[in-house]
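# Chains, contacts and geometry: an overview
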Amino acid sequence: MELANMIRVPMSLNAIVWLNAADAIWQDGANTPLSASDILARALPSSSSDHADPENLQRILRMLTSYGVFAEHLITPDGSQRKYSLTDIGKTLVTGPDGLSYGAYVLQHHQDALMRAWPLVHEAVVDPRSEPFVKANGEAAYVQYGKEPGMNGLMLKAMSGVSVPFMKAVLDGYDGFEGVERLVDVGGSAGDCLRMILQKHPNVREGINFDLPEVVAKAPNIPGVKHVGGDMFQSIPAGDAIFMKWVLTTWTDEECKLIMENCYKALPAGGKLIACEPVLPAESDSSHRTRALLEGDIFVMTIYRAKGKHRTEDEFRKLGLSVGFSGFQTFSFDYFYTLLEFHK
Ligand SMILES: C[S@@+](CC[C@H](N)C(=O)[O-])C[C@H]1O[C@@H](n2cnc3c(N)ncnc32)[C@H](O)[C@@H]1O
C-alpha cells in the first residue's frame, strides 16, 4: 500500500511549493513552528487565505512530516493543535537570495507533458526505441522545451536551483582548479558554472564557455569568460583542464566516448577532464541517496530514453580508459552529483 500510494508524496510536495509554505515558515531563518492556519495567513493573500482550508493543509503537512520534510510539534498531547517547522530537507525548498530553491525542480516534474509520460514507463521496456515522453506528447522533450517559453524557463530555473548549491559545495571542498589557467566548460549553457569558478579561483584567467551556437548566442557577458559556439562531437577548444556538468548522463555510451575522445585531444599531457554527473552505486540499497539516483535514472529513461542513462563509477572509469585517459579519481561533495576526474 505504501509503494502504490507513494505518488502522493511528490504531489503533496508540489502543493507545498505551489503554496510557498517553506518560505512562510522560514522567515529569514526564524523557522518558528507554525500551525497550518498561520502558514496560510502568511503564504496566501488575505482574499484567498480567508476561505482556505487549514485542515486540508495540515493533512499534507502531516504526511510530508513522515517523509522528513517538516518537523511536527504537538502543542496539545491529543494532537488537536499541531505546528510545523522545516527540517534540513524542507529547507531546500526555501527561496535563496538568488531567487533559487529546489522548488522549481519539484514543479517541473508536474508539468502536463511530463505527467502524461509517467504512466508509460513500461514502453521503454517493451519498445527500446520508443521514448515514453514522445509517445505521450508526439515530440521529444527538448523540442517541446524549445517551443514553450514557460516550460523552458521552469526547466532552466530547476537546473540552476539544483546546480548552484552543488557548485557552492564543490568550490568549498575541491582544490582541483588550482594551477589551471585556461578552463573549458563543455555544454556550459549560459556560463553560470564558469562564473562561479572564476570568482573563487582568480588563477583561472580564461574561461571558455563552449556550447551549441544557438545557446551561447543568448549567453550573457561574463568578465573573463569567452563564449564559443560549436559541436562537442566535432571538436572541443583546448584548455589546461576541461569541466563538464550534467552532459554525459544524457548520451549513449558510444556518444560519450566521442565527447570524451574530443576532450582528451583538447588537453595537454597531465591535463584533466572534470565531469560532474549522478553516479549510481553498484548495489541497489534502500538509502535515500541510492533511491534518488535510481529514481533519477527512471526519469532519464522516461524522458530521454533513446539517449542517456545513469552510470556507475566503474562504467565511467571504463569509458575514460577506453578513450585513453590513464588515471581516474572520484570526489563526493553532494548527495546527487559525484565529481569524476579523468587524467591524461
Ligand atoms: C543538461 S545541460 C547541462 C548544462 C550545464 N552544464 C549545467 O549543468 O547546468 C547539457 C548542455 O549540453 C549542451 N549541448 C548539447 N549538445 C551539444 C553539442 N553537440 N555540443 C556542445 N554542447 C552541447 C546543451 O545545449 C546544454 O547546455
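Residues numbered from 1 in each chain as written. Predicted model: local features only at pLDDT ≥ 70, side-chain atom pairs only at ≥ 80, totals over all residues. Heavy atoms only, no water.

## Re the pairing of strand 4 (residues 206-211)
- The buried count for strand 4 comes to five of six residues, which makes it a mostly enclosed element.
- Chirality of the crossover, the property in question, places the unit of strand 3 (residues 182-186), helix 14 (residues 192-200) and strand 4 among those that are right-handed. (Buried < 20%, exposed > 50% of the residue type's maximum accessible area, 1.4 Å probe, protein only. Helix = DSSP H or I, 4+ residues; strand = E, 2+ residues; numbered from the N terminus. Right-handed = clockwise from strand over helix to strand, strands pointing away.)

## Looking at the side chain of D334
- Mapped onto the fold, D334 is located in the loop between strand 9 (327-331) and strand 10 (337-343).
- Side-chain polar atoms of D334 contact the backbone nitrogen of F336, separated by 2.7 Å.
- Of the polar contacts made by the side chain of D334, one reaches the backbone nitrogen of Y337; its length is 3.0 Å.
- In contact with D334, not counting residues within four places along its chain, are F166 and R289. (Polar contact = N/O pair within 3.5 Å; in protein donor to acceptor, adjacent residues only side chain to side chain. Contact = heavy atoms within 4.5 Å.)

## Quick notes on the packing of helix 4 (residues 36-43) against helix 6 (residues 54-65)
- Closest axis-to-axis distance for the helix 4/helix 6 pair is 8 Å, and the angle between their directions is 105 degrees. Here helix 4 lies roughly perpendicular to helix 6, going by the angle between them. Residue-level inspection shows A36, S37, I39 and L40 of helix 4 in contact with helix 6, the latter providing P54, L57, Q58 and L61.
- Broken down by class, the residue content of the contact of helix 4 with helix 6 amounts to six nonpolar, two polar and no charged. (Axes fitted to C-alpha atoms, helices over the stretch in contact; angles between N-to-C directions. Parallel < 35°, antiparallel > 145°, perpendicular 65-115°, else oblique. Nonpolar A, V, L, I, M, F, W, Y, C, P; charged D, E, K, R; others polar.)

## Focus: the packing of aromatic side chains
- Applying the stated rule across the entire model yields 14 aromatic pairs.
- Ring geometry for F233 and W251: centres 5.0 Å apart, planes at 75 degrees, overall edge-to-face. With F233 in the loop between strand 5 (225-229) and strand 6 (241-245) and W251 in the loop between strand 6 and helix 16 (253-266), this residue pair connects regions lying 18 residues apart in the sequence.
- You can call F233 partly exposed: its relative accessible area is 24%.
- An aromatic cluster is built from Y174, F177, F243, F331 and F333, whose rings are joined through pairwise contacts.
- Stacked on the ring of Y264, the Lys or Arg K344 has its end atom at 4.4 Å from the ring centre. (Phe/Tyr/Trp six-rings, centres within 6.5 Å; stacked < 30°, edge-to-face > 60°. Lys NZ or Arg CZ within 6 Å of the ring centre and 35° of its normal.)

## Some details on the domain arrangement of the protein chain
- For the protein chain, the assigned domains are domain 1 (2-94), domain 2 (97-159) and domain 3 (160-343).
- Its C-alpha centre places domain 1 at a distance of 26 Å from the equivalent point of domain 2.
- Across the boundary between the two partners, domain 1 contributes nine residues, which contact eight residues of domain 2.
- Between domain 1 and domain 2 the total buried area reaches about 660 Å² when both faces are included, carbon and sulfur atoms providing 73% of it.
- Contact with domain 2 buries area across many residues of domain 1, yet N14, V17 and T92 alone supply 55% of it, more than any other trio.
- Where domain 1 meets domain 2, there are two residue pairs in polar contact (both at pLDDT 80 or more).
- Looking at side-chain class alone, the side of domain 1 that touches domain 2 contains seven nonpolar, two polar and no charged residues. (Domains from an automatic or database assignment. Buried area = accessible area lost by both parts, 1.4 Å probe.)

## A word on unusual backbone geometry
- A positive phi angle, near 60 degrees, is found at N20, a position not held by glycine.
- For D28, which is not a glycine, the phi torsion comes out positive at approximately 55 degrees.
- On the secondary structure map, D28 appears in the loop between helix 3 (21-26) and helix 4.

## Description of the pattern of salt bridges
- Counted by the stated rule, this structure contains 14 salt bridges.
- Note that D314 is salt-bridged to K318, the shortest N-O span being 2.9 Å. Here D314 pairs with K318, and both are found in helix 18 (residues 313-322), just four residues apart, close to one helical turn.
- Here the salt bridges do not stand alone but share partners, grouping R62, E72 and R82 into one network. (Salt bridge = Lys/Arg side-chain N within 4 Å of Asp/Glu carboxyl O.)

## Concerning the nonpolar core
- Ranked by size, the top nonpolar core spans 28 residues in total, and within it M167, F177, L183, I197 and F243 carry the most contacts.
- Counting residues per element, the ones that place at least two in this core are helix 13 (149-173), helix 14, strand 6, strand 7 (272-280) and strand 10.
- Here this core takes six residues from helix 13, the largest share from any one element.
- Among all residues touching M167, those that are not within four sequence positions of it are C193, M196, I197, F243 and K245.
- Counting 26 residues, the second largest nonpolar core, distinct from the first, contains V186, F210, W251 and I259. (Core = buried A, V, L, I, M, F, W, Y, C linked by side-chain atoms within 4.5 Å.)

## Focus on the environment of R59
- Considering the arrangement of structural elements, one finds R59 in helix 6.
- A polar atom in the side chain of R59 sits 2.8 Å from the side chain of N56.

## Points about a nonpolar patch on the surface
- A cluster of nonpolar residues, I7, M11 and M115, forms a patch on the protein surface that exposes about 240 Å² of accessible area.
- Following the sequence through the fold, M11 ends up in helix 2 (residues 8-18). (Patch = residues over 30% accessible without salt bridge, like charges linked within 9 Å, V, L, I, M, F, W, Y side chains within 5 Å. Areas by Shrake-Rupley, 256 points an atom, 1.4 Å probe, with all protein chains shown as cover.)

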